[in-house]
Amino acid sequence: PRSLVRGTRGYIEKVVNQINGCYERGWFDACAVMIRRLLETLLIEAFEHQGKTEKVKMPTGEFMFLGDLIDVALSESDWNLGRNARRALSRLKNVGDQSAHSRRFIARKWDIDRVMEDLRVVTEELLFLAGLR
């Protein structure tokens, strides 16, 4: 829901608007890729807020790829991510990866519908960890 991110950061609100707009128009691959982008953004926001960006940067100074960000987040003992959020991270990444990187995968409405609750749970937890809620 847009209300979940209202008042956070403009770029987060815009990504959520794009997620919802893609879903409403039936552009489910685009929706999945934007979900992946939101996940990556919120993980980085959480690490920045916690003052732990060094844990998620490569030697070049760039942030890690999403899979590595998730691995570090799952090993972050201070965060105490909920069980549902921990499980949901890989499912959200998977649907985004399939849409972004698989030539023959075409996301369908049900691909997005089955991760909607995961998206809400993860978004809320990461917004909290990022100090945005």
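Here the residue numbers are simple positions, counted from 1 along each chain's written sequence. Residue-level local features of this predicted model are given only where pLDDT is at least 70; pairs of side-chain atoms are given and counted only at 80 or more, and the full residue set underlies all totals for whole chains, interfaces and linings. With hydrogens and water set aside, each side-chain value is computed from the structure's full complement of heavy atoms.

Visitor: Lay out the overall build of the chain in plain terms, naming residues and giving numbers.
Guide: Under the scheme used here, helices are H or I runs from DSSP no shorter than 4 residues and strands are E runs no shorter than 2 residues, and both carry numbers assigned from the N terminus. Within the chain, the regular secondary structure consists of seven helices and zero strands. Ordered by position from the N terminus, the helices and strands of the chain form the series α-α-α-α-α-α-α. Only the C-alpha atoms count toward the radius of gyration. The rule for a globule is 2.2 Å times the residue count to the power 0.38. The C-alpha atoms of the chain give a radius of gyration of 14 Å, which matches the 14 Å a tight globule of 133 residues would have. Counting only C-alpha atoms and orienting by the principal axes, one finds that the chain spans roughly 40 × 30 × 30 Å. Relative accessibility thresholds used throughout: buried, under 20% of the residue-type maximum; exposed, over 50%; partly exposed, between the two (1.4 Å probe, protein chains only). Considering the chain as a whole, with its 133 residues, one finds that 43% of them fall into the buried category. Per-residue accessibility takes into account occlusion by the displayed protein chains alone, with areas from the Shrake-Rupley method and a 1.4 Å probe. A total of about 7,600 Å² of accessible surface is found on the chain, and carbon and sulfur atoms cover 49% of it. Only four residue types enter the tally: Lys and Arg on the positive side, Asp and Glu on the negative side, with His and both chain ends excluded. Every charge is mapped to an atom, namely NZ of Lys, CZ of Arg, CG of Asp or CD of Glu. Charged side chains of the chain number 22 positive and 19 negative; the gap between the two group centres comes to 4 Å.

Visitor: Which residues make up the nonpolar core, and what values do they have?
Guide: By nonpolar core we mean a set of buried residues, namely Ala, Val, Leu, Ile, Met, Phe, Trp, Tyr and Cys, connected to one another through side-chain atoms within 4.5 Å. Ranked by internal contacts, the top residues of the largest apolar core, which has 44 residues, are Leu38, Leu39, Leu43, Val122 and Leu126. Looking at this core, the elements with two or more residues in it are helix H1 (2-5), helix H2 (10-25), helix H3 (28-49), helix H4 (66-75), helix H5 (83-101) and helix H7 (116-129). No other element matches the 12 residues that H3 contributes to this core. The criterion used for residue contact is that any of the two residues' heavy atoms lie within 4.5 Å. When neighbours within four sequence positions are excluded, valine 122 is seen to be in contact with Leu39, Ala85, Ala88, Leu89 and Leu92.

Visitor: So what's going on with the packing of H3 against H5? Residues and values would help.
Guide: Where H3 contacts H5, the axes come no closer than 8 Å and their chain directions differ by 130°. By the angle class used here, H3 and H5 are oblique. Between H3 and H5 lies a crossing of left-handed hand. Residues Phe28, Asp29, Ala32, Val33, Ile35, Arg36 and Leu39 of H3 lie in contact with H5, whose contacting residues are Leu89, Leu92, Lys93, Val95, Gly96, Asp97, Ser99, Ala100 and His101. In the scheme used here, Gly and all other residues not listed as nonpolar or charged are polar, with Ala, Val, Leu, Ile, Met, Phe, Trp, Tyr, Cys and Pro taken as nonpolar and Asp, Glu, Lys and Arg as charged. Across the contact of H3 with H5, the residue classes tally to nine nonpolar, three polar and four charged. A fitted line through C-alpha atoms serves as each axis, taken over the contacting stretch for helices, and the angle formed by two N-to-C directions is quoted from 0 to 180°. Orientation categories follow fixed angle ranges, with anything under 35 degrees roughly parallel, anything over 145 roughly antiparallel, 65 to 115 roughly perpendicular, and all other angles oblique. Crossings are classed by handedness, with left-handed meaning an anticlockwise turn of the near helix from the far one by less than a right angle and right-handed meaning a clockwise turn.

Visitor: Describe the side chain of serine 99, with residues and values.
Guide: With respect to the helices and strands, the residue serine 99 is situated in helix H5. Take serine 99: its relative accessible area is 12%, and that puts it in the buried class. Among all residues touching serine 99, those that are not within four sequence positions of it are Phe28, Asp29, Ala32, Val33, Phe105 and Ala107.

Visitor: Kindly report on the packing of aromatic side chains, identifying the contributing residues and their values.
Guide: Only Phe, Tyr and Trp rings take part, Trp by its six-membered ring, and two of them pair if their centres are within 6.5 Å. Stacked means planes under 30 degrees apart, edge-to-face means over 60, and tilted covers everything else. The final tally for this structure, using the stated rule, is two aromatic pairs. Relative to phenylalanine 28, the ring of tyrosine 23 has its centre 5.7 Å away and its plane inclined at 70°; by these criteria the two rings are edge-to-face. In this structure phenylalanine 28 comes out as buried when scored by relative accessible area, which is 13%. When the centroid spacing of 4.5 Å and the interplanar angle of 45° are considered together, the rings of phenylalanine 47 and tryptophan 79 count as tilted. Of the two residues, phenylalanine 47 is situated in helix H3 and tryptophan 79 in the loop between H4 and H5; the sequence distance between them amounts to 32 residues. An identical accessibility class is assigned to phenylalanine 47 and tryptophan 79; each is buried.

Visitor: Pulling in residues and values, what's your account of the environment of threonine 8?
Guide: Tracing the backbone through its elements, the reader meets threonine 8 in the loop between H1 and H2. Threonine 8 has contacts with Glu13, Leu127, Leu132 and Arg133, leaving out every residue within four places of it along the chain. Contacts described as polar in this section are N or O atom pairs within 3.5 Å, which, within protein, must combine one atom able to donate a hydrogen with one able to accept it, while residues neighboring in sequence count only if both atoms come from side chains. Only 2.6 Å separates the side chain of threonine 8 from the backbone oxygen of valine 5, close enough to count as a polar contact.

Visitor: Got a sec to walk through the environment of histidine 49? Specific residues and values, please.
Guide: Along the chain, histidine 49 turns up in helix H3. A sequence separation of 51 residues divides histidine 49 from alanine 100, and the C-alpha atoms of the two residues are 28 Å apart. If we skip the residues at most four places from it in the chain, histidine 49 touches Leu129, Ala130 and Gly131. Only 3.4 Å separates the side chain of histidine 49 from the backbone oxygen of alanine 130, close enough to count as a polar contact.

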